Amino acid sequence: MREHGGCSDSSSDLDEEFPVFDFLQSGRHPHPASQSNTDNTHSGNVGTYSGAADVMMISSDSDDDAPYVPLAQRLKQRQESVISASSSVTNGKDAEHYSPSKLGDLQLSRQNGLSKSEQLLSFHQVRTVSPDEAAVFPQQGLPPADTKKNAAKQTLEIQSSRKEVLMEKQNREGHQRAKEGHRQEQERQRAERKALAEAAKALRPEECIRHMVVAVDPALLQLEGGGTLLAALQALGCNCAIEKQGIPRSVSWMRRAPCAQPEDAECVREALVVMQMTVDDFITLTHSYIQEQRHGAGSGPTLSSWVQQHQTRHPAKTLSLVVLDLEKYFRSQKSQTKKQNGGEEGGVKKRRKNGGAQILPEVSRVDLEEAVVHLQLHNGVSVCFLSTWKDFSDYITMTTKAVAEAPFKQEREKTGFSFYLESEWAGGQRVDKAGKGLLQVWRRQIQQLNRVSPDMASALLAAYPSPQLLHKAYSRCQSERESVSLLSELLIRRGEGVTSTTRRVGPELSRRLFLLMTSCDPENTLDSTV
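Quantities reported herein were computed from a predicted structural model and do not represent experimental measurements.

Here's the deal with the pairing of strand β1 (residues 212–216)
Judged by how many residues are buried, β1 sits mostly within the fold: five of five residues are covered. The two faces of β1 match: Met212, Val214 and Val216 on one face and Val213 and Ala215 on the other face are all buried. Bridge count for β1 against strand β3 (residues 250–256) is five bridges, and the pairing is antiparallel. From the neighbouring strand, Met212 faces β3, where its bridge partner is Arg255. Bridge count for β1 against strand β2 (residues 239–242) is four bridges, and the pairing is parallel. What sits directly across from Val214, in β2, is Cys240.

Side note on the packing of aromatic side chains
The full count for this structure, using the stated rule, is four aromatic pairs. Ring geometry for Trp389 versus Phe392: centroids 5.5 Å apart, planes at 85 degrees, classification edge-to-face. Separated by three residues within a single helix, Trp389 and Phe392 lie in helix α17 (residues 389–412), roughly one turn from each other. The exposure class assigned to Trp389 is buried, which follows from its relative accessible area of 14%. Between the aromatic rings of Tyr474 and Phe514, the centroid separation amounts to 5.4 Å while the plane-to-plane angle is 70 degrees, which identifies the pairing as edge-to-face. Remark: Phe514 occurs in helix α23 (residues 507–518) and Tyr474 occurs in helix α21 (residues 467–475); sequence separation between them is 40 residues. On the basis of relative accessibility, which here comes to 6%, the residue Tyr474 falls in the buried class. Above the ring of Phe330, the side-chain terminus of Arg365 is found at 4.2 Å from the ring centroid.

Side note on the packing of helix α14 (residues 303–313) against helix α16 (residues 365–379)
One can describe the packing of α14 onto α16 by two numbers: an axis separation of 10 Å at closest approach and a directional angle of 35 degrees. Once α14 is placed against α16, the crossing between them reads as right-handed. Contacts between α14 and α16 pair Leu303, Ser304, Val307, Gln308 and Gln311 from the former with Ala371, His374, Leu375 and Asn379 from the latter. For the contact of α14 with α16, the class distribution of residues is four nonpolar, five polar and no charged.

Here's the deal with unusual backbone geometry
Phi is positive for Asp325, which is not a glycine, with a value near 55 degrees. Here Asp325 falls in the partly exposed class, since its relative accessible area comes to 30%. Here Arg451, not a glycine, exhibits a phi torsion of approximately 60 degrees, which is positive. Tracing the backbone shows Arg451 in the loop between α19 (438–447) and α20 (454–463). Under the relative-accessibility criterion, Arg451 is labelled exposed at 57%.

Observations concerning the sheet that holds β3
The strands that make up a sheet pair up through hydrogen bonds in the backbone, lying either parallel or antiparallel. Judged by pairing direction, the sheet is mixed, and its six strands sit side by side in the order β2-β1-β3-β4-β5-β8 without closing on themselves. The sheet is open, and its two borders are formed by β2 and β8 (382–386), each paired with just one other strand. Going across the sheet, the axis of each strand differs from the next one's by a mean of 25 degrees, ignoring polarity. Strand direction decides the pairing type here: β3 and strand β4 (residues 267–277), joined by six bridges, are antiparallel. Considered in β4, the bridge of Ser250 is made with Met275. Of the strands in this sheet, β4 and β5 (318–324) touch α14, which is tilted by about 135 degrees from β5. Along the sheet face, α16 touches β5 and β8 and points at about 140 degrees away from the line of β8.

Structural notes on the pattern of salt bridges
Close approach of charged atoms allows side chains with opposite charge to pair. In the structure shown here, the tally under the stated rule is 14 salt bridges. For Arg504, the salt bridge identified is with Glu489, shortest N-O distance 3.0 Å. Of this pair, Arg504 sits in strand β10 (residues 501–504) while Glu489 sits in the loop between α22 (480–484) and β9 (491–494); the two residues are 15 residues apart in sequence, bridging distant segments of the chain. According to the relative accessible area criterion, Arg504 is partly exposed, its value standing at 45%. Overall, the relative accessible area of 51% leaves Glu489 in the exposed class. In this structure, Arg511 engages Glu508 in a salt bridge whose closest nitrogen and oxygen atoms are separated by 2.7 Å. Here Arg511 and its partner Glu508 are both found in helix α23, three residues apart, which amounts to about one turn of the helix. When its relative accessible area of 10% is taken as the criterion, Arg511 is described as buried. Counted as one network, the salt bridges with shared partners bring together Glu180, Arg183 and Glu187.

Conventions adopted
Residues numbered from 1 in each chain as written. Predicted model: local features only at pLDDT ≥ 70, side-chain atom pairs only at ≥ 80, totals over all residues. Heavy atoms only, no water. Buried < 20%, exposed > 50% of the residue type's maximum accessible area, 1.4 Å probe, protein only. Helix = DSSP H or I, 4+ residues; strand = E, 2+ residues; numbered from the N terminus. Pairing = 2+ DSSP bridges. Phe/Tyr/Trp six-rings, centres within 6.5 Å; stacked < 30°, edge-to-face > 60°. Lys NZ or Arg CZ within 6 Å of the ring centre and 35° of its normal. Axes fitted to C-alpha atoms, helices over the stretch in contact; angles between N-to-C directions. Left-handed = near helix turned anticlockwise from the far one by under 90°. Contact = heavy atoms within 4.5 Å. Nonpolar A, V, L, I, M, F, W, Y, C, P; charged D, E, K, R; others polar. Salt bridge = Lys/Arg side-chain N within 4 Å of Asp/Glu carboxyl O.

That's the geometry; what it means functionally is another story.
So, in structure tokens, the structure goes:
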């Protein structure tokens, strides 16, 4: 090898080809077609790298003849060629024959203004994928139909996930609304229970006075005892309201209904109204009533007609009258009778009031009582006669307590029985497990019958201590007539010692007991004839 090398020309060193090592390659093998094409075309190149597909080969003679094209223009031409090739594949024209290698050949054929080396560079270099190419070929070797299916599947998954999220949100909001509604309902029920408890508590005697409001007419407070009345009401512990009433010089009552909110409490007016009536008005109206009853016609309105007018104006009110210091009128009448003034006709007396002469008719106590009784029976109005304003204040205080405690007493009297029960009967009879108390139950059952005294019940219990023994005695009778008169001959002992007496039960009570023990008709009356 050295001998031949020494004899050879120095120029042969330039023509000697150097070996190409595989480890210098980039790992990619050149395409066979491109390699052969490169060998045939570029025979005079300075250096050739046959194992590298991404290496650009530069030829000096080819670059000299080719016109210069700017880089921006060349890149634009390459992008247009790629877009045209992608559109042709998308339209379905020979899509199955297009591969990445053929697409590169198509790009090389359309690049007319580029050199051969630039064509090889455009064929082998890695380029950036455009959006249109990504739509056509998202992945190498994946058909467009599979891409559409995957996109549709992803869209469905996204929609289903959105629906699930929306449904979860709606369910959560619905649960919150239901929970809030349940909480509000519980609060409403709690407020109702509290209001009922407050209402029941307000009916108690020790609490009811605080819920009462006494409405006093201003004209009544302008009289002599107005201050005494207000002081008595304030000492009672109730509330006072000074307001003009429909009936002059009257007092009415209102009850504040308990409520969860104190500002929402409402006042319910009571029916009772107490009116303070002057002696002069009462005597005048009473005299007119007496004249109408005796002579058939009166000179003016009577006591009954005057009350009826107020009842017509206030139909929901129960009127009660109070007359103060009526005894002073009768004392004056008695003194005038003793003097025997003959100048007065018809028993008419003159009475001084406020410096002037006021004529009052003469009315006796009997006439007064007759008018009051007629007023109570026909108009339902009571009249109370008091002596002083202190008595009037006490009367208003007592009436306030009675009005306040009226609902509590009415509820207490609702026992469910239409008749009055004694204290020992109201609680019933207790019977223990040993049967103690059954005899008293049998006694009370007999005493429920009309006209049965405790002595009669004791005589029957002595003969038949239980209902079963009496029923067996009836079953042993031969006829119904014998059964009816079975108890008629029993002796009843009344009293003790030498003063005691006896009598028989009699056929009437015997018959009623027979019907009680044997009758099956629930409509049968025990007092009827057998």
